[in-house]
Amino acid sequence: MRFAFYTLGCKTNQYETQAMERLLTQMGHEIGHFDEGCDAYIINTCSVTAVADKKNRAIIRRCRKTNPDAIIGVCGCYSQHAADAVAQLGVDVIGGSGQRQEFIDNLLSALQERTKKANVDNALRRREFEVLPAGGLQERTRAMLKVQDGCVNFCSYCIIPYTRGPVRSAPLELIVEQAKELKEAGYKEIIVTGIEIASWGVDLAGKPPMADMVAAICEAVPDVRIRLGSLEPRVITEEFCLKMKSYVNLCPQFHLSMQSGCDTVLARMKRKYDTARYYESVRLLKEHFPHCAVTTDMIVAFPGETEEEFKESLAFIRKCGFADMHIFPYSRRPGTPADKMSGQHDNATKEERSRAAITVAAQMSENYRKSLIGTQQAVLFEEEEGGFFTGHAPNYVKIYAKGENLHNQVRNVTVTALHADGVLGKIDG
């Protein structure tokens, strides 16, 4: 049988799609492209915003219209909390954000029996980490390693704790074993991912800190680059930095969740820090990892955000000097406290504030990339693009360089100029 996947949302979703690809290929099935003829199509959904839900529905409708006789399976966060809405779109197999092996088994049964199947559990009752195979199809250069699932932060704008359930951490032995397997498979970089990796260990005996897990991975595969997924500011301490700086294979790029640079907005968002604590994390990282890239996310036009509060946020991101940012206009998410807050902004305000924040973020990104000119970067090359081979430096800046057959090679490159969304580089030697 031939299967094709379409993945929306976060790196954890991408990891889980790759795991399902591996489960199917291990059974002898083929993985095709979503825009070609296949026996079954799997859509792994996101539900972080109402906009994401709209995208989910559009992809499902398009897939059904284009492939009227194929089996269509939908899993992920959207189907976890809106299974009935998914069923109305003509889907054959419905799963949630867990039980991936069972979802695959249901797909195979539906293909044989031509019957509809649905199995969505109660995410809030989950207590065990779901073990899935790490890695994906071999043409990829970087692999994701999922170390935890779930979140209990309950930020006022977010539905993910309800669709993913409480924190479940992968045992350290499993993490190390899978990291070694990825190295043996030929991957040159591992991205440590999860729904909220800063919470890894809180449900394990002795509550080991996240730093212990990262250190174990770095030590297990010392010649593989280790890149951390999104971090909460609270885990960035003097102790964390002193421990992590000794690992040369830890990529000096740190994505610190921010969402707002204004304390009153952070309080309404129910974030677990204020700007002073956040800035201390930025300061520590830049002190202990010179020239590192600190990146972040920012939500603009949150309910009740005044013009003065927005200006505070802009001033704060300038102070932090981020290497890169993702800017999101607030999107209402039914089922969350923020959806019912007063002071909802119109689209014009959201667009205006998005443009202003993107302008500041773009200037900071340019400043950071300019600071790299003349430096040498070890680049993991991935693919050809516009007459160049492209890859990423340890700080995750995109490098464009002339060369042939560089896929999955790490080469030293001297940065020469800005280019597109990254920099130009000349391969040394």
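Provided above is the structure to which this section pertains.
One structure accompanies this document, and this report is about it. Because the structure is a prediction, the values reported are computed rather than measured. (Residues numbered from 1 in each chain as written. Predicted model: local features only at pLDDT ≥ 70, side-chain atom pairs only at ≥ 80, totals over all residues. Heavy atoms only, no water.)

With that settled, the discussion passes to the layout of surface pockets. If a probe the size of a water molecule is rolled over the atoms, the empty space left behind becomes visible. Looking at the second largest pocket, its volume works out to about 670 Å³. Taken together, 24 residues make up the lining of the second largest pocket; nearest its centre are Gln14, Gln18, Arg140, Arg142 and Met144. Breaking the lining of the second largest pocket down by element, the ones donating at least two residues are β1 (2–7), α1 (11–26), β7 (142–149) and β14 (376–385). Looking at the lining of the second largest pocket residue by residue, the classes come out as nine nonpolar, eight polar and seven charged. (1 Å grid on protein atoms, 1.4 Å probe; cavity = no way out; pocket = protein on both sides within 12 Å on 5 of 7 lines; lining within 4 Å. Points joined across faces, edges and corners; volume = space filled by probe spheres on them. Helix = DSSP H or I, 4+ residues; strand = E, 2+ residues; numbered from the N terminus. Nonpolar A, V, L, I, M, F, W, Y, C, P; charged D, E, K, R; others polar.)

The next thing to look at is the sheet that holds strand β10 (residues 225–228). Taken together, four strands build an open sheet; the order of strands is β8-β7-β9-β10 and the sheet is mixed. Lying at the two open borders of the sheet, with one neighbouring strand each, are β8 (168–169) and β10. Note: β7 against β8, two bridges, orientation antiparallel. By the bridge assignment, Asp149 is partnered in β8 with Arg168. Relative to β7, α1 is tilted by about 110°, and along the sheet it contacts β7 and β9 (189–194). Where helix α8 (residues 210–220) meets the sheet, it contacts β7, β9 and β10, and its direction lies at approximately 160° from that of β10. (Pairing = 2+ DSSP bridges. Contact = heavy atoms within 4.5 Å. Axes fitted to C-alpha atoms, helices over the stretch in contact; angles between N-to-C directions.)

By the definition in use, this model includes one cavity of 30 Å³ or more. Here the largest cavity is characterised by a volume of approximately 30 Å³. If you go around the largest cavity, the residues you meet are Ile94, Gly95, Gln99, Glu102, Phe103, Asn106 and Asn119. Breaking the lining of the largest cavity down by element, the ones donating at least two residues are β5 (93–95) and α5 (100–113). Here the element with the most residues in the lining of the largest cavity is α5; it accounts for three residues. In terms of residue class, the lining of the largest cavity is built from two nonpolar, four polar and one charged.

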